[in-house]
Amino acid sequence: MKFIGINILLILVLQAEAQISFEEVQQAAGISDQRFNYGCYLGDYNNDGFDDLFITRRTGEVGNSLYRNNGNGTFTEVSSILSNTSKHSSTAVWFDYNNDGWQDLMIANNVQEGHVLLRNNRDHTFSDVTESAGVGGVKKETKSVNAADLNNDGWLDLYLNNFGEDNELYINNQDGSFTESVKIAGANHKGRAMGVVIFDYDNDTDQDIFLTFDGQPFVLYENNGLAQFIDVSLRTKTNLTGFGMGVDIADINHDGFMDLYITNLKENFLIVSNGDLTFTENAVAAGAADIGMGWGCNFVDVNNDGYPEIYVTNEYGFSPEENVLYINSGDQKFQRLEQESIESPYSGFGSAISDFNHDGKQDIFISNSNYGHQILQNKSLTGNWVKIKLLDKTSNWHAIGAKVQLSTDTGELYDQSTAGSGHASQSSNVFHFGLNESTSAKNIVITWPDGAKQNIDKLEANEMYLVVKGQNTVVFEAENYQSHFAQIPLSKPLTFDLRANRETRLYPNPANDVITTRTSQANLTLVDNAGKGININSVNESHTIFNVSTLPEGIYYLKVDNQWERLLIQR
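Residues numbered from 1 in each chain as written. Predicted model: local features only at pLDDT ≥ 70, side-chain atom pairs only at ≥ 80, totals over all residues. Heavy atoms only, no water.

Among the 10 residues in strand 18 (residues 241–250), 8 count as buried, and that is most of the element. In this structure, strand 15 (residues 208–217) lies alongside strand 18, joined through 3 bridges in antiparallel fashion. Residue pairing in the sheet places Q216 in a bridge with G242 of strand 18. Across 5 bridges, strand 18 lies against strand 19 (residues 259–264) in antiparallel orientation. Across the sheet, residue G244 finds its bridge partner in strand 19, namely N264. (Buried < 20%, exposed > 50% of the residue type's maximum accessible area, 1.4 Å probe, protein only. Helix = DSSP H or I, 4+ residues; strand = E, 2+ residues; numbered from the N terminus. Pairing = 2+ DSSP bridges.)

With that settled, the discussion passes to the sheet that holds strand 24 (residues 324–328). Pairing within the open sheet is antiparallel, and its 4 strands lie in the order 22-23-24-25. Each edge of the open sheet carries a strand with a single partner, namely strand 22 (294–300) and strand 25 (334–336). Each strand of the sheet is rotated relative to its neighbour by a mean of 20 degrees, with strand direction disregarded. Here 3 bridges tie strand 24 to strand 25, and the two strands are oriented antiparallel to one another. Residue Y326 lies in a different strand from strand 25, and its bridge partner there is R336. (Axes fitted to C-alpha atoms, helices over the stretch in contact; angles between N-to-C directions.)

Here the structure, examined in full by the defined rule, presents 24 aromatic pairs. Aromatic pair F356 and F365: ring centres 5.8 Å apart, planes at 85 degrees, arrangement edge-to-face. Here F356 matches F365 in class, with each residue buried. (Phe/Tyr/Trp six-rings, centres within 6.5 Å; stacked < 30°, edge-to-face > 60°.)

What follows concerns the sheet that holds strand 8 (residues 116–120). Strand order in this open sheet of 4 strands is 6-7-8-9, and the pairing throughout is antiparallel. Only two strands of the sheet have a single partner each, and these edge strands are strand 6 (89–95) and strand 9 (126–128). The mean angle between the axes of side-by-side strands here comes to 20 degrees, regardless of whether they run parallel or antiparallel. Inspection of the sheet shows strand 8 paired to strand 9 by 3 bridges, in the antiparallel sense. Counterpart to R119 in the pairing with strand 9 is S127.

The tendency in soluble globular proteins is for nonpolar side chains to be buried side by side. Residues F54, L66, W94 and L105 are the most contacted members of the largest nonpolar core, which totals 21 residues. Breaking this core down by element, the ones donating at least two residues are strand 6, strand 7 (104–109) and strand 8. When residues no more than four places from it in sequence are discounted, the contact partners of W94 are Y41, L42, G43, Y45, F54, L66, Q103, D104, L105, F126, A419 and Q426. Formed by 20 residues, the second largest nonpolar core is a distinct cluster that contains I388, L406, A441 and A461. (Core = buried A, V, L, I, M, F, W, Y, C linked by side-chain atoms within 4.5 Å. Contact = heavy atoms within 4.5 Å.)

Relative to the helices and strands, Q377 is located in strand 28 (residues 374–378). Residue contacts for Q377: discarding those within four places in its chain leaves S21, F22, E23, V25, F356, N357, D359 and D363.

Moving on to the side chain of S538. Checked against the element boundaries, S538 lands in the loop between strand 41 (533–537) and strand 42 (545–547). Here the side chain of S538 touches H543 through a polar contact of 2.7 Å, side chain to side chain. Those residues in contact with S538 that lie beyond four places of it in its chain are Q521, A522, H543, T544, I545 and F546. (Polar contact = N/O pair within 3.5 Å; in protein donor to acceptor, adjacent residues only side chain to side chain.)

What follows is about the pattern of salt bridges. Once their charged atoms are close, side chains differing in charge can pair, the charge on each being opposite to the other. Across all of its chains, the model carries 12 salt bridges by this definition. Here R192 ties to D214 by a salt bridge, and the two come within 3.5 Å at their closest N and O atoms. Taken together, the residues span a long stretch of sequence, with R192 in the loop between helix 4 (182–185) and strand 14 (193–199) and D214 in strand 15 at a distance of 22 residues. Here R192 falls in the partly exposed class, since its relative accessible area comes to 39%. Exposure remark for D214: the relative accessible area of 12% places this residue in the buried category. One salt bridge connects D200 with K403, and the closest N-O pair in it is separated by 2.5 Å. In this pair, D200 is assigned in the loop between strand 14 and strand 15 and K403 in strand 30 (residues 403–408), connecting sequence segments 203 residues apart. The exposure class of D200 is buried, given its relative accessible area of 1%. Residue classification places K403 among the buried positions, given a relative accessible area of 15%. Through salt bridges with shared partners, a single ionic network connects D392, D450 and K469. (Salt bridge = Lys/Arg side-chain N within 4 Å of Asp/Glu carboxyl O.)

As structure tokens, then:
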């Protein structure tokens, strides 16, 4: 009977493999054949619901590239809107640093240039705010950067893993600036740094930090919820030693705890959570111990059966081993897919995952140094699926660190969002669940980054949904999605006419609790010094008095009678 069971399992795996196929589409999609690519980062900078692509390059030969997703399976290069000429960029991350809902871009350059923070101006342009944000002047060989809310204040912080030097942890001050705090936080590990992924390993709703190193033990820092960390690598049995590079997370066995996959020179690592705050390394036994020179790695459910596969990006010129896709058989075992379309025999580094054309199938993006950037479009015959985009309009807008749990006919599925993973890469922050033959997802539980829970009874299959915290769930539509974001460009405050001899349109200034305008205004929109728009309504019948008592002290900008005013709130 055991022999028969093994044969049935083998037949099922072979059938699944026969249904999986990918097609290289970057040329048709409008991506140039430029070489020297290193990392790839997927983020929706214009809030149209389609992931855009940023590519880093680090050799000094050519600059980075930004491609806007046109929503029809093609991209348009718009690199010039960044107004940035970096050519030594190791890694980057899309994240909303000023909590206005628009994704900004942190570029971690190596020792030739130093870091750059580009603020999204909400008008298809970006401004360099590196100096005012307090993240400039640093020139280190940064290998990975992630964003997460490490102190649970609703604002995204930054963690950078640096090769041979102190790491960096920037705590968000909530005013457009950061404070470097890695040593105070107890999360500094000086070594041959490579990968980093920030996730909640112990399911206590705060974000922990896992680091990989080249020839040194890996490190897991446990967060106490206040951005204070202790090294729990030994206790959790994650202190494995290898030539670790990239790292990604997923729940491969549906137990509600995230597992880790780490690329390596020689056998890769699959570190599976035991559900008791310890882990077991299982790559060889699971059949997923690729021996190439691995860099990028991604968990991705290519056939929508609810069990994530593993994609590995290898530096072919070093190994030489092609890229690998391991098919998840559903019993913590994996089978290597022997298929030319996914092998990519080039020198790949970063890789990322996104359903870039919204067809319900996850696609693979690969940055190669000796070949153009690749997009492998998923053409597989797949099961049903459901996608969920989360939005929290009160803090941490894109809900980085949130978790989603749901039920299907075959069991429970779990996932957690991150901002940065793999190696020098970032995948889409849209939750994607394969449902196999289930026609709906049921008993959906969303755990928001602040620990609040939101329940949804049922979602029909093969749709993308928008879940705004505290609101009813709706089918995702671009126009409805965009309506949630402030549209006032942030570049305008940089060119305000604020000369002292103009006639002021409001008083008192500085203000304490209320302001009065000289003409009737139904409502006003203030822009704080970090660029966040705030709407306030008048409190009297003539629409001239506005209550600002709930606003924090600081500098604001507002438009009265088509004239910009600078307002100081001071108490």
